[in-house]
Amino acid sequence: MPPATNWYTVKVFGTRRRMAGAFAGLTLLAATCTLAQASNTTPPPANETGIHKIRHVIVIMQENRSFDSYFGTFPGADGIPMRNGRPTVCIPDPALSRCVRPFHDRSFVNDGGPHSHLDALRDIDRGRMDGFVPSAFIGRRTYCATAPTNDPHCTGLTSHSKLPDVMGYHTDREIPNYWTYAKDFVLQDHMFEPVNSWSLPSHMWMVSGWSARCSNTQDPMSCKTAVGFGRQHPLPSGGYPWTDLTWLLYQHQVTWRYYVGKGTQPDCAGDQMFCLQGRQAAGTPGIWNPLPSFEDVRQDGQQSNVQPLGRFIQAARSGDLPNVSWIVPNQRDSEHPPASIRTGQAYVTRVIDAAMQSPDWNSTAIFLAWDDWGGFYDHVRPPRVDEAGYGLRVPGLLISPYARQGYIDHQSLSFDAYLKFIEDDFLNGERIDPATDGRPDSRPSVRENSPVLGNLVSEFDFTQPPRPPVLLNPFPPLPGARARRAPTPSPSPTPARVRPKPRRRPAASPTARPSRTAGGRRAGKRKVRISARGPTGR
């Protein structure tokens, strides 16, 4: 394993460090306000040392991207094999009668590929990592073309192009803010999905260190490891009886919240395969919101800890963040194909800006990751730790005032490392372990103790003074094009009401050329409506 890489920069990718004013996309404040905001942060307790300087852990979980698709050309990272700037890998496919090399995909909207457990096995192909293009073609099933849901067996049919886009990769041109975070904080280039499967088991693992199927939903000893949930509805009415992390947090009086973006969710309300997308909310159990279905959350009376994302914004503003926060998006902001990565990046930037502007910033660690690979190409064979995983590699970032600057962590990691960090920070190293946690279940191992798993503490420098925030424009200007504001991502906070401005038709410029936006339309002619949040394109 190569040594960790430090990469310092002076200029932040052409993006000025400035403060985002209101979370809903109001006008950015001046640089002097940024300095004033940074000075209002509360220092960590003077008697805390090392990991215990972190009193607020925030896990932001996005959707369906592989490491190579986002950071495959990031300098110093274990990215796409190249020679003289040209990829050396080429994935053969009989349907095309040729092989397909990784290519720079400048589109903000992607198809991706199927990403069930069987698709993961096909993509990995016993370590050859050459099944992505065949899987994408297989995922173009007839029923997928008309299915209004994010079925993991399908390739998103958003472009209908002959060549699948699973071999495409993005750079700082499309995702400049993510690359800025990687350059200013910590990039994890060996972060693996904890389970070799799709979103539901991945989110189960994120909060409980296990995904299982139980013959008796009231008996945790009836559960067995499950990585593929087939085509039946994955949420049993009786819930999940095994132990999740909130059980230990409750026992140790550690505060937690699970914040859910309000909007649509990808799962159906019954056992049918396809359905109109249902509404997602804090009280709606779902693929991205499994905690309401865990029996111990109900037993502890902590269902109300699953809350709308707007509550996170309020807690950040008031300096009242819980010790542990999980944040999941709605479909529109998730980056799950066919959602726009530009809209998703703006949503994540605003969440991070809110945390950075909080009085709690100086005692905060933000972990940002994507729940599975989404069918996109990655060249690294996942380590095998047990029958469930690891799964394919996904992007991972640490953002904190104590993060090592410009550091690339090459340790093998998975979402188990988040559990381990939280347990070491707040629980004196106690694990989700039926032998010690006072609540039996039948999990075969304690994943946090795996010898393969690295330690996130190495990504911090707790001897340095807290670093100031790096506040970014949620919608940085597009390279080589006239800047146009993309749709405001939900969820919106509740800022003070703004009086709508009178409608004003801008004068046409005879030399102006229409620019192409994230949705692929040209911005030369467009309708504008005025709302309380200001002008938005439609």
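Higher on the page you've got the structure.
## Let's talk about the overall build of the chain
No. 1: If you tally the helices and strands in the chain, you get eleven helices and 23 strands.
No. 2: A buried classification covers 59% of the 538 residues belonging to the chain.
No. 3: As displayed, the chain has an accessible area near 21,900 Å², and 51% of this comes from carbon and sulfur atoms.

## Looking at unusual backbone geometry
No. 1: Of note, the bond from Pro337 into Pro338 is cis; its omega dihedral lies within 30 degrees of zero at 10 degrees.
No. 2: Mapped onto the elements of the fold, Pro338 is located in the loop between β17 (324-328) and α10 (341-356).
No. 3: Following Gly389, the chain continues into Tyr390 via a peptide bond in cis, with omega recorded as 15 degrees.
No. 4: In this fold, Tyr390 is placed in the loop between β18 (364-370) and β19 (396-399).
No. 5: Notably, Asn84 is not glycine yet its phi reads approximately 55 degrees, a positive angle.

## Examining the packing of helix α9 (residues 309-318) against α10
No. 1: Where α9 contacts α10, the axes come no closer than 8 Å and their chain directions differ by 30 degrees. It follows from the interaxial angle that α9 and α10 lie roughly parallel. Along the contact surface, α9 presents Leu309, Phe312, Ile313 and Ala316, while α10 presents Tyr347, Val351, Ala354 and Ala355.
No. 2: Class assignment of the residues belonging to the contact of α9 with α10 gives a composition of eight nonpolar, no polar and no charged.

## Some thoughts on α9
One turn of the α-helix equals 3.6 residues, which is why residues spaced by three or four share an orientation.
No. 1: Inspection of α9 places Leu309, Phe312, Ile313, Ala315 and Ala316 among the buried residues, and these make up the whole buried set. Looking down the long axis of α9, one finds its buried residues gathered within 165 degrees of arc, a one-sided arrangement.
No. 2: Against the buried residues of α9 lie β2 (56-62), β13 (256-260), β16 (306-308), β17 and α10.
No. 3: Phi turns positive one or two residues past the end of α9, at Gly319, with a value near 70 degrees.

## A few points about the pairing of β17
No. 1: Counting buried positions over the five residues of β17 gives five, a clear majority of the element.
No. 2: Residue alternation in β17 divides its side chains into two sets, Val324, Trp326 and Val328 and Ser325 and Ile327, and both sets are buried.
No. 3: Here β13 runs beside β17; their pairing, made up of five bridges, is parallel. Across the sheet, residue Tyr258 finds its bridge partner in β17, namely Trp326.

## Notes on the packing of aromatic side chains
No. 1: Summed over the entire model, instances satisfying the criterion amount to 22 aromatic pairs.
No. 2: A ring pair is formed by Tyr70 and Tyr178, whose centres lie 5.9 Å apart and whose planes are at 35 degrees; its orientation type is tilted. Here Tyr70 is found in helix α2 (residues 67-71), whereas its partner Tyr178 is found in helix α5 (residues 176-184), with 108 residues between them in sequence.
No. 3: Ring centres of Tyr259 and Phe312 lie 5.4 Å apart, and the angle between their planes is 70 degrees; on these two criteria the pair is classed as edge-to-face. Pair noted here: Tyr259 is in strand β13 and Phe312 is in helix α9, with a separation of 53 residues, a long-range link. Accessibility assignment for this pair places Tyr259 and Phe312 in one class, buried.
No. 4: Following the ring pairs from residue to residue traces out a cluster consisting of Phe367, Tyr402, Phe415, Tyr418, Phe421, Phe460 and Phe462.
No. 5: Cation over ring: Arg342 sits above Phe108, and NZ or CZ is 5.9 Å from the ring centre.
No. 6: Between Arg439 and the ring centre of Trp247, over which it is positioned, the NZ or CZ distance is 5.7 Å.

## Here we look at the pattern of salt bridges
Side chains carrying opposite charge are able to pair once their charged atoms draw close together.
No. 1: Under the defined criterion, the tally for this structure stands at twelve salt bridges.
No. 2: Residues Glu174 and Arg173 are paired through a salt bridge, measuring 3.4 Å at the closest nitrogen-oxygen approach.
No. 3: A relative accessible area of 28% means that Arg173 is categorised as partly exposed.
No. 4: Here Arg393 ties to Asp378 by a salt bridge, and the two come within 2.9 Å at their closest N and O atoms. One end of the pair, Arg393, is in the loop between β18 and β19; the other, Asp378, is in the loop between β18 and β19, with 15 residues separating them in the sequence. For the pair Arg393 and Asp378, a shared accessibility class is recorded, and that class is buried.

## Focus: the nonpolar core
No. 1: Grouped together as the largest cluster of nonpolar side chains are 106 residues, with contacts concentrated most on Phe71, Tyr258, Phe312 and Trp326.
No. 2: The dominant element in this core, judged by the number of residues it contributes, is α10, at eight residues.
No. 3: Not counting chain neighbours up to four residues away, the residues in contact with Phe71 comprise Ala77, Tyr178, Trp179, Ala182, Leu187, Pro395 and Leu397.
No. 4: Counting residues in each nonpolar core, the second largest holds 17 residues, with Leu96, Val100, Trp373 and Leu392 among its members.

## A few points about the environment of Trp256
No. 1: If you trace the backbone, Trp256 turns up in strand β13.
No. 2: On a C-alpha basis, the gap between Trp256 and Val324 in space is 4.6 Å, while along the polypeptide they are 68 residues apart.
No. 3: Excluding residues within four positions of it along the chain, Trp256 makes contact with Thr246, Leu249, Leu291, Val297, Gln302, Asn305, Val306, Pro322, Val324 and Trp326.
No. 4: A polar side-chain atom of Trp256 sits 2.9 Å from a polar atom in the side chain of Gln302.

## Let's talk about the packing of α5 against α10
No. 1: Their axes nearest at 9 Å, the elements α5 and α10 cross at an angle of 45 degrees. The angle between the axes of α5 and α10 places the two elements in the oblique class. Between α5 and α10, the residues in contact are Pro176, Asn177, Tyr178 and Tyr181 and Gly344, Gln345, Val348, Thr349, Ile352 and Asp353, respectively.
No. 2: Looking at the contact of α5 with α10 residue by residue, the classes come out as five nonpolar, four polar and one charged.

The rules we used
Residues numbered from 1 in each chain as written. Predicted model: local features only at pLDDT ≥ 70, side-chain atom pairs only at ≥ 80, totals over all residues. Heavy atoms only, no water. Helix = DSSP H or I, 4+ residues; strand = E, 2+ residues; numbered from the N terminus. Buried < 20%, exposed > 50% of the residue type's maximum accessible area, 1.4 Å probe, protein only. Areas by Shrake-Rupley, 256 points an atom, 1.4 Å probe, with all protein chains shown as cover. Axes fitted to C-alpha atoms, helices over the stretch in contact; angles between N-to-C directions. Parallel < 35°, antiparallel > 145°, perpendicular 65-115°, else oblique. Contact = heavy atoms within 4.5 Å. Nonpolar A, V, L, I, M, F, W, Y, C, P; charged D, E, K, R; others polar. Arc of directions from axis to C-beta. Pairing = 2+ DSSP bridges. Phe/Tyr/Trp six-rings, centres within 6.5 Å; stacked < 30°, edge-to-face > 60°. Lys NZ or Arg CZ within 6 Å of the ring centre and 35° of its normal. Salt bridge = Lys/Arg side-chain N within 4 Å of Asp/Glu carboxyl O. Core = buried A, V, L, I, M, F, W, Y, C linked by side-chain atoms within 4.5 Å. Polar contact = N/O pair within 3.5 Å; in protein donor to acceptor, adjacent residues only side chain to side chain.

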